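Given next are the chains, with one letter for each unit.
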Amino acid sequence: MESNKKGYKLPLLLGVFSLLIIVPNFLSPFYKQLLIEILVFGLFSLGFDIIFGFTGLLNFGTSVFFGLGGYSVLLPILHWNMGVWAALLIMIIVCSLFSLVYGFLISRFKSHYFVAFTIVVSMIFFYIAMANRPITGADEGLTFKVPPLNFGFFSLSFNNTMVKYYFVLAICSIVFFLVWKFFRTPYGKAIIAVRENEDRAKMLGYSTTNLKVVSFTLSGVVSGVAGALYVLHLGFSSAHSFFWLWTARSVWWTITGGVGTLIGAFVGPGVLVFFEDLISTWNPDLYLIIMGVIMILVIILAPQGIVGSIQTLFTKRGR
Amino acid sequence: MIDAIGLSLVNAAVWACIIAMVSLGLTLIYGQLNIINIAHGAMYAIGAITAFYVADFLGSWTYSLLISPLIMAIIAIIIYISSLRFRIVGYPVAVTLIISYGLMFILEQLTLLIFGGAPRNISNPLPYQIGLFGRTYSVYRIFAAIFSLATIGALLAFLGKTKLGLWIRATNQDHDTASAMGVPVPFVYMLTYVLGSILAALGGALVAPMTSITHNMGHEIVIDAFIVVIVAGFGSIPGTILSALILSLSNGLFSVFINPVLAKGISLAIMVGILYRRPEGIMRY
Amino acid sequence: MKTRYSVLFSILILVSIHFIPFDAPEEAAAVEPIRIGAVYDLTGGLSVYGNGSNMTAKAAVERINKSGGIAGRPVKYIVEDGATDATTGLRKFRKLVLKDECDFVLLSCNSGLGIGAVPLAKELETVAFSEGTAREITGKKGNRYVFRQVDNAEMAAIAMAQFAAKELGKNAYGMGADYEWGHSVVDTAEKVFGKVGVKMLDKNFSPIGTVDFVPYLSRVPKEANFIVAGYFTADIVKLTNQAWELGSRIPIFAGTLQSIRYEDLGPGADLVWCGAYGSRSLEGYPLDVRPFQKAYRDIVGLNEEGWERTGKISGEYIWMGWEGVSWIKKGVEDSGWKSKRDNLKFMKALEGAKVKASLEFPSGGKIMRAEDHQVIADVYVIKAEKGKIVTKACMRGEEILPLYPPNVDFRKE
């Protein structure tokens, strides 16, 4: 069974990856940048999938990481004239430290208090971001010029959509690969054990608190990277990136794609972003109503999401 | 200085009562059903908007104290029957949380389509002011606070002294035993959800004449209500009242001395601090 | 059973992607249409502005198409919802240009969107018109691609300043919503009123969505003669009512009264003033503008009191959609613009353009200033009085012009 699974997954992933490298060259500029968005949102949902799908903890405040990642890459570039790589480094340090401390503080809470705390923290962060106009630009935000990507002897400008695309694709692929590998290591599997049955994991000798903290930190950094990529893509960020609507999006994207499947985190936005654009153009009045209905239908009727359902289909046939 | 503090504390106390009532609705729903009702803000807005239409068509806002909860009850029953009741028992809290989220979007957008984006106002049903600490203060606000307290009292009486209240408490304690003893548990679940929603709608109807009515006014109250409920300890009624008092009074007190935005931030920080020390809530029951 | 649902559901979603028109087939048009896109806030807090501007812009396009289009080409109008969120608005801006191939874009009154759109307009090489009134959209944060078809908040403050000094008093107190526009109103009032001898005693800002203004109102010192209120829609209603209840009897100069009814301002309604970009009532317009304003109102469906049919949107601001379209028409026809390659010609044609009151510009004659692409137009002092919103005075564009020098020159780009 194990080898069977590995059998179809790897070539499938590689196939999709090669498509992602080649096909966008033939798409119109609009679809190029839509793909960029899908990749970024996929990464954001991946962060949520790590903590929720793999660790079993519901972090209902992922917008904190999204906003933090965005601002920690924007502010160094805007105020200290840093290059993209340096800013990204700062962002990773900031997000890691923050997620570590945050995770450490709340990992000892049992599930419901955990959720509650994440909700409260995200509301507070939104409030802080809105109340500090000089730093965050509050509601109307900050625009900035994204410097070119410096590789030493040559540099690539982000004005070129394909440069942006490959940059985002590269980062998403690397992160995805690292996370994928991580959950195959014994440590990663221990985290999954926490999801399955925390008490039993504890009895087996695992320090579940440590496992939760590590998972939380990983989740925070991944979502933070997504936030940073989004800001680099738009050349803009506002306090609105801390708004709970972003949390909702990461949740419904992951759930529609398939919780706990990693790829599902990308499939979700892949499908829904099209839908969202289509519907909001066709009827902006009904857009949120339809998304609300979809959310409810998916969670009740198809909680495994798209990838989860397909996987179940395969396993049934395999038998 | 004394004047400013006095006025601020009175105002804060008024809001504490109202927030306590609204938050109780949230607490009830969570304590009994394990549902984190994110749509609570939308229900508050529906209560206020219904009050507006009542005042507009019937000429007097007072009727809304009866009609808003009634309309909300009908809406809550529809919502509950069509979606939530399928996922009450045995499912992780994430499921009903997400359903609630979806509901929030639907309700808010519907209110925008029906009510429109322009703010409206209800003329003050009690247009009298009393002199207070050097300025004048609206008598209506004091009435709203008293009414909220009365509602809370009525709720406690209902829970403590009536058969339905007994059913609710029994189911809350142990739904299997309650069911075994003949309590119609599914009905109790729906009843609790409706009760919680009514409290939100009543809050909206009460606040409507004090402030303006917009389709998205739920956002104003939902953050405070959530923080109150979470710090109170899920399901704790006395905790909710105490929590509302702490949040509101600390905010009121600080905003006399410093910028109100900062004051709000500090009172939020205090709440987070309390939550951190006592994650199970302020009161242990 | 559940699995069956899940599978069915997922297949349904995957299959329906197939039906998404990846590239909508172009209707075989004999003449290539001019595409005007619009990002308006149809939902969210600014929906009364967005829906209003959308209505008038659509009406303008329909009227133009009936009489032969722009330079003989039909006009296609595509609107997207900015949802009162700058990030969403920017995404839609991109979509309008990249997917729908819009030649020009109208932007909503959301100043955040306006500011964020400035570099985007340049990147996408698309001329945009912004209705946002934060000063810097045609100032330090602007560029040659962006025009503004309405006066900005600072100009409104200038118009009000003379009036304030004469009618309202010498001591002001500033309150505002804590974002760019709210600050614009209060800070520019402080600066501009200061020049005519009105002192701003102090100011404070509240977060958007504040329910209770009592903590802020109780800070208003007794010596204040009037309050400058940089708030919009719901917050103004709350403020005026709560101020009265707290015992405040001084005038309130509001940043905007869009779609607010007299009744909703409460018992203290007669204290409310505003510097608006249009008169709500028809009779508030000067005689030379009035006939055109009446013709325009008849077309878009505004009555003499300034309300559209459903009674939810008022008319002071929504003419910007109509006139945005008119500027595009003027620019194209005056410069012979054929495609985006001619953008520079378009810009030059509008820089310094002067228009008279007409059906195309029913809110009055105005100048599109060359240096900063800012329109210089009339500002109306409106007041709530005895059941209506009446127009008390009008400061003409020519009077404002010398008092508002540009701080940039885009022609250098």
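Residues numbered from 1 in each chain as written. Chains lettered and ligands numbered in written order. Predicted model: local features only at pLDDT ≥ 70, side-chain atom pairs only at ≥ 80, totals over all residues. Heavy atoms only, no water.

### Observations regarding the overall build of chain B
Within chain B, the secondary structure is distributed over eleven helices and two strands. Counting helices and strands in the order they occur from the N terminus, chain B gives α-α-α-α-β-β-α-α-α-α-α-α-α. Here the C-alpha radius of gyration of chain B, 19 Å, is about what a compact globule of 285 residues would show, namely 19 Å. Buried positions account for 60% of the 285 residues belonging to chain B. Counting only contacts in chain B whose residues sit at least 6 apart along the sequence, the fraction spanning at least 24 positions is 75%. A total accessible area of about 10400 Å² is found for chain B, and carbon and sulfur atoms account for 70% of it. Charged side chains of chain B number 12 positive and 8 negative; the gap between the two group centres comes to 5 Å. (Helix = DSSP H or I, 4+ residues; strand = E, 2+ residues; numbered from the N terminus. Rg over C-alpha atoms; globule rule 2.2 N^0.38 Å. Buried < 20%, exposed > 50% of the residue type's maximum accessible area, 1.4 Å probe, protein only. Contact = heavy atoms within 4.5 Å. Areas by Shrake-Rupley, 256 points an atom, 1.4 Å probe, with all protein chains shown as cover. Lys, Arg positive; Asp, Glu negative; His and termini not counted. Charge placed at Lys NZ, Arg CZ, Asp CG, Glu CD.)

### Focus on the overall build of chain C
The secondary structure content of chain C amounts to twelve helices and 15 strands. Taking 413 residues into account, the globule formula puts the C-alpha radius of gyration at 22 Å, and chain C, at 22 Å, falls close to it. Projecting the C-alpha coordinates of chain C onto the three principal axes gives extents of approximately 65 × 65 × 40 Å. Across the 413 residues in chain C, those meeting the buried criterion constitute 66%.

### Some points on the pattern of salt bridges
As enumerated under the stated definition, the model contains 32 salt bridges over all chains in all. Here Arg141(B) makes a salt bridge to Asp212(C), at a shortest N to O gap of 2.9 Å. One end of the pair, Arg141(B), is in helix H5 (residues 139-161); the other, Asp212(C), is in the loop between strand E7 (199-206) and helix H7 (214-217), on a second chain. The same class applies to Arg141(B) and to Asp212(C), which are both buried. Here the salt bridges do not stand alone but share partners, grouping Glu37(A), Asp277(A), Glu80(C), Arg91(C), Lys92(C), Lys95(C) and Asp100(C) into one network. (Salt bridge = Lys/Arg side-chain N within 4 Å of Asp/Glu carboxyl O.)

### Topic: the sheet that holds strand E5 (residues 146-148) of chain C
All names here are of chain C. Taking strand neighbours across the sheet as the criterion, the five strands line up as E2-E1-E3-E4-E5 in an open arrangement whose pairing is parallel. Each end of this open sheet is capped by a strand with a single partner; those strands are strand E2 (75-81) and E5. The sheet shows a mean angle of 20 degrees between the axes of neighbouring strands, taken without regard to direction. As paired elements, strand E3 (residues 104-107) and strand E4 (residues 127-130) share four bridges and run parallel to each other. When the sheet's bridge partners are listed, Leu 106 is paired in E4 with Phe 129. (Pairing = 2+ DSSP bridges. Axes fitted to C-alpha atoms, helices over the stretch in contact; angles between N-to-C directions.)

### A word on helix H8 (residues 185-207) of chain B
For H8(B), with 23 residues, the first-to-last C-alpha span of 33 Å sits near the 33 Å given by 1.5 Å per residue. The buried fraction of H8(B) amounts to 20 of the 23 residues, a majority that puts the element mostly inside the structure. (Expected span 1.5 Å × (residues − 1).)

### Points about the interface of chain B and chain C
One widely used convention gives an interface's size as the accessible area the parts lose upon coming together. If you look at the interface, chain B gives 35 residues, while chain C gives 38 residues. Of the roughly 2800 Å² buried between chain B and chain C on both sides combined, carbon and sulfur atoms contribute 50%. Of all residues in chain B, Pro119(B), Asn121(B) and Arg135(B) give up the largest surface area on contact with chain C, accounting jointly for 20% of the area buried on that side. Our count for the contact surface shared by chain B and chain C stands at two salt bridges. Here chain B is connected to chain C by 16 residue pairs in polar contact (both at pLDDT 80 or more). Per-class residue counts for the side of chain B that touches chain C are 14 nonpolar, 17 polar and four charged. (Buried area = accessible area lost by both parts, 1.4 Å probe. Polar contact = N/O pair within 3.5 Å; in protein donor to acceptor, adjacent residues only side chain to side chain. Nonpolar A, V, L, I, M, F, W, Y, C, P; charged D, E, K, R; others polar.)

### Let's talk about unusual backbone geometry
Residues and elements named next belong to chain C. Backbone geometry at Ser 259 places phi at a positive 60 degrees, although glycine is not the residue there. In this fold, Ser 259 is placed in the loop between strand E9 (252-254) and strand E10 (272-276). Notably, His 373 is not glycine yet its phi reads approximately 55 degrees, a positive angle. Within the secondary structure layout, His 373 lies in the loop between strand E12 (366-368) and strand E13 (375-376). Residue class for His 373 comes out buried when judged on its relative accessible area of 0%.

### Description of the side chain of Lys383(C)
Here Lys383(C) shows up in strand E14 (residues 379-385). With residues up to four places along the chain from it excluded, the contact list for Lys383(C) reads Asp270(C), Val272(C), Trp273(C), Lys388(C), Ile389(C), Val390(C) and Lys392(C).

### Comments concerning the interface of chain B and chain A
Contacts between the two partners involve 37 residues from chain B, matched on the other side by 35 residues from chain A. Each partner contributes to the roughly 3400 Å² buried at the junction of chain B and chain A, and carbon and sulfur atoms together form 83% of this total. Three residues stand out in chain B for area buried against chain A, namely Ile98(B), Phe105(B) and Tyr276(B), and they jointly supply 20% of the buried area on that side. Taken together, the connections running from chain B to chain A amount to zero salt bridges. Between chain B and chain A we count two residue pairs in polar contact (both at pLDDT 80 or more) in total. Of all the secondary structure elements, the ones that give two or more residues to the side of chain B that touches chain A are helix H4 (93-115), helix H9 (218-232) and helix H11 (260-277) of chain B. In terms of residue count, the dominant contributor to the side of chain B that touches chain A is H4(B) (15 residues).

### A word on the confidence of the model for chain B
Predicted confidence across chain B gives a mean pLDDT of 87, with 97% of residues reaching 70 or more. Per-element averaging of pLDDT across chain B places H11(B) at the bottom with 80 and helix H2 (residues 40-58) of chain B at the top with 94. (pLDDT = per-residue confidence, 0-100.)

### Here we look at the nonpolar core
Phe93(C) and Phe193(C) are the most contacted members of the largest nonpolar core, which totals 348 residues. Ignoring any residue separated from it by four or fewer positions in sequence, one finds Phe93(C) in contact with Val39(C), Val105(C), Leu107(C), Ala117(C), Leu120(C), Ala121(C), Leu124(C) and Ala128(C). (Core = buried A, V, L, I, M, F, W, Y, C linked by side-chain atoms within 4.5 Å.)

### Considerations on the pairing of E14(C)
Looking down a regular strand, the side chains alternate between one sheet face and the other. Residues and elements named next belong to chain C. Most of E14 is tucked away: six of the seven residues are buried. Examined bridge by bridge, E10 and E14 share four bridges and lie antiparallel to one another. Residue pairing across strands places Ala 276 opposite Tyr 380, the latter belonging to E14. The pairing of E14 with strand E15 (residues 388-395) spans seven bridges and is antiparallel. Its bridge partner being in E15, Tyr 380 is matched across the sheet by Cys 394.

### Some thoughts on the sheet that holds E7(C)
Residue and element names in this part refer to chain C. Pairing is mixed across the open sheet formed by seven strands, whose spatial order is E7-E6-E8-E9-E10-E14-E15. The open sheet is flanked by E7 and E15, the only strands paired with a single partner. Strand-to-strand, the axes of this sheet are offset by a mean angle of 25 degrees, without reference to chain direction. Alignment of E9 against E10, held across three bridges, turns out to be parallel. Pairing of Phe 253 across the sheet is with Trp 273, part of E10.

### A look at the packing of aromatic side chains
Here the structure, examined in full by the defined rule, presents 57 aromatic pairs over all chains. On the numbers, 6.4 Å between centres and 55 degrees between planes, the contact of Phe182(A) with Tyr187(A) is tilted. Overall, Tyr187(A) belongs to the partly exposed group, its relative accessible area being 37%. Among the aromatic residues, those joined into a ring-pair cluster are Phe65(A), Tyr71(A), Phe98(A), Tyr102(A), Phe114(A), Phe125(A), Phe216(A) and Phe242(A). Stacked on the ring of Trp307(C), the Lys or Arg Arg261(C) has its end atom at 4.4 Å from the ring centre. (Phe/Tyr/Trp six-rings, centres within 6.5 Å; stacked < 30°, edge-to-face > 60°. Lys NZ or Arg CZ within 6 Å of the ring centre and 35° of its normal.)

### Things to note about the pairing of strand E1 (residues 129-132) of chain B
Residues and elements named next belong to chain B. Relative to strand E2 (residues 135-138), E1 runs antiparallel, the two sharing four bridges. Counterpart to Ile 130 in the pairing with E2 is Tyr 137. With antiparallel pairing between neighbouring strands as the criterion, E1 and E2 make up a hairpin whose turn holds two residues, including Phe 133 at a positive phi of roughly 50 degrees.

### Side note on the environment of Gly209(C)
Inspection of the secondary structure puts Gly209(C) in the loop between E7 and H7. Placed 164 residues apart in sequence, Gly209(C) and Gly45(C) show a C-alpha to C-alpha distance of 9.8 Å. Among residues more than four places away in sequence, those in contact with Gly209(C) are Glu220(B), Asp235(C) and Lys238(C).

### Points about the environment of Arg169(B)
All names here are of chain B. Structurally, Arg 169 can be placed in helix H6 (residues 163-173). Note on Arg 169: relative accessible area 38%, which makes it partly exposed. As a C-alpha pair, Arg 169 and Thr 111 span 58 residues in sequence and 34 Å in three-dimensional space. Those residues in contact with Arg 169 that lie beyond four places of it in its chain are Leu 159 and Gly 160.

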